[in-house]
Amino acid sequence: MSFRQIVVASILSAALAANVHDRSYYESKFFNWMAEHNIKATSGEHFVQMIQNFANNDDIIEQHNAQKSTFTLGHNQFSHMNSEEWKAYVKGTGKPTKQTAKFTHNAPVQAKAKGASKDWVAEGAVNAIKDQGQCGSCWAFSTVGALEGAYQIKNNQLNTFSEQYLVSCDNRKNGGTDLGCNGGLMDSAFEWLQSNGGIASGADVPYTSGTTKQNGDCDLTVAKVAGTAPKSWTDVKANSDDAMISALDQQPVAVAIEADQPAFQLYKSGVFTAACGTNLDHGVLAVGYGTDNGVDFYKVRNSWGGSWGENGYIRFARGIAQKEGQCGILMEASYPTL
């Protein structure tokens, strides 16, 4: 063992001394986790930092799962991040100015009956889970998911559209306001697609920004899928469960949430009831609602791959006292009309 390795091992032993289990327990789990997610340390110091974060998160997971909660935590590709790194990862994106749609989806006169449910995944209007990778393009995945759902419902055909086309082309140079890997908004993306004749297919413009971390070059001459230019888009009335349920009855809905909390980072399964705030920083897709053991929920599709959450999905508590909804899900929701 080299002197550097001895120093690293000594630092590691000291660092893990404050955790619940001994060093060997975390090392075994950490090495298996690294292999599973193909994550490598860039230096000895980086290795020590990652395994310490992993051990701390492992303790959080163990302590939470020992409680009687509506949801469980578990390891995923983000287990090597501490809370500061996680906040930076989620919030390392800018946002253009929020635009208001011409139309608003209001709550129905009569609320939905208790116990009702809807699942657009089961009804075939939602594609397989995608992964935005190391690019702040959640807004593009939320937009595309809503478009794919609207297109399937109208045409009875589930197509795959291109997030990359939005990331590369919807920007100020081409008359848009979104910021590629640095963030964006679903309403502004709907508006840009309306002005530019729709969206390209995922096969014609595959997603690359997740690995390159770059917006990529735009080709506005690529063929657009017929019938994908929104005729309009509608904002769901804010802070209203009845309005959200009514909107979800007709199609999947693009929503914004706050995702920078540790419980969200390590979410594994169940109905998420942890406090998570209303500082919106992440775009996702609401695909249904239901009830699990007496707890009402919204089913939401994320864009972090299938190893996160319930095979890429999360269920948020519904009908809570906080008017903005769990993690702010009721604050900025919208859908396109094709």
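Relevant structure appears above.
My aim in this report is to walk through the structure given alongside it, one point at a time. (Residues numbered from 1 in each chain as written. Predicted model: local features only at pLDDT ≥ 70, side-chain atom pairs only at ≥ 80, totals over all residues. Heavy atoms only, no water.)

## Describing the overall build of the chain
Note the cut-off: In this text, helices come from DSSP runs of H or I with a minimum length of four residues, and strands from runs of E with a minimum of two, each type numbered from the N-terminal end. Only the C-alpha atoms count toward the radius of gyration. The rule for a globule is 2.2 Å times the residue count to the power 0.38. A 1.4 Å probe rolled over the protein chains alone gives each residue an accessible area, and that area as a share of the maximum for its type sets the label: buried under 20%, exposed over 50%, partly exposed in between. Two residues form a contact once any of their heavy atoms are found within 4.5 Å.
Counting its secondary structure elements, the chain contains ten helices and ten strands. Expected size for 338 residues packed as a compact globule is a radius of gyration near 20 Å; at 21 Å, the chain falls within 12% of this value. Each principal axis of the C-alpha atoms in the chain carries an extent, and together these give about 65 × 50 × 35 Å. Burial statistics for the chain: of 338 residues in total, 53% are counted as buried. Across the chain, contacts joining residues at least 24 apart in sequence account for 75% of those joining residues at least 6 apart.

## Here's the deal with the state of the cysteines
Put plainly, a disulfide is one covalent bond tying together the sulfur atoms of two cysteines. Spelled out, the test is: Here, a disulfide means two cysteine sulfur atoms that sit within 2.5 Å of each other.
Here the structure, examined in full by the defined rule, presents three disulfides. Here Cys135 engages in a disulfide with Cys181; their sulfurs sit 2.1 Å apart. On the sign convention where negative is left-handed, the bridge of Cys135 and Cys181, at about -100° about the S-S bond, is left-handed. Here the residue Cys135 occupies a position in the loop between strand E3 (118-119) and helix H5 (138-155), and Cys181 occupies one in the loop between helix H6 (163-169) and helix H7 (186-195), the gap between them amounting to 46 residues. Exposure class is identical for Cys135 and Cys181. Each is buried. Disulfide pairing places Cys276 opposite Cys327 at an S-S distance of 1.9 Å. Sign of the S-S torsion, about -115° for the bond between Cys276 and Cys327, identifies this disulfide as left-handed. Of this pair, Cys276 sits in the loop between strand E6 (267-272) and strand E7 (282-292) while Cys327 sits in the loop between strand E9 (313-317) and strand E10 (333-337); the two residues are 51 residues apart in sequence, bridging distant segments of the chain. Sequence-ordered numbering of the bonded cysteines in the chain gives a disulfide pattern of 1-3, 2-4, 5-6. With no disulfide of its own, Cys138 lies closest to Cys135 among cysteine sulfurs, the gap being 9.0 Å.

## Some thoughts on the pairing of strand E8 (residues 295-301)
Rules: In this description, strands pair whenever DSSP reports at least two bridges between them.
Most of E8 sits out of view: six of its seven residues are buried. Bridge analysis of E7 against E8 gives seven bridges, and the strand direction is antiparallel. Residue pairing in the sheet places Gly288 in a bridge with Lys299 of E8. Between E7 and E8, which follow one another and run antiparallel, lie two residues, and Asn293 among them has a positive phi close to 50°. Examined bridge by bridge, E8 and E9 share five bridges and lie antiparallel to one another. Directly across from Arg301, in E9, lies its bridge partner Tyr313.

## Here we look at the packing of helix H2 (residues 23-37) against helix H3 (residues 44-65)
Stated precisely, the cut-off is as follows: Angles run from 0 to 180 degrees between N-to-C directions of axes, and those axes are lines fitted to C-alpha atoms, restricted for helices to the stretch in contact. Relative orientations are named as follows: roughly parallel for angles under 35 degrees, roughly antiparallel for angles over 145 degrees, roughly perpendicular for angles from 65 to 115 degrees, and oblique for any other angle.
The N-to-C vectors of H2 and H3 enclose an angle of 105°; their axes lie 10 Å apart at closest approach. The pairing of H2 with H3 is recorded here as roughly perpendicular in orientation. Contact residues: H2 offers Tyr25, Tyr26, Glu27, Lys29, Phe30, Phe31, Trp33 and Met34, while H3 offers Phe47, Met50, Ile51, Phe54, Ala55, Asp58, Asp59 and Glu62.

## Comments concerning the nonpolar core
Selection rule: By convention a nonpolar core is built from buried Ala, Val, Leu, Ile, Met, Phe, Trp, Tyr and Cys residues, the set being connected through side-chain atoms within 4.5 Å.
Val253, Phe264, Phe272 and Phe316 are the most contacted members of the largest nonpolar core, which totals 39 residues. With five residues, helix H9 (residues 241-250) is the single largest residue contributor to this core. In this structure, Ala140, Tyr151, Trp233 and Val287 belong to the second largest nonpolar core, which totals 36 residues.

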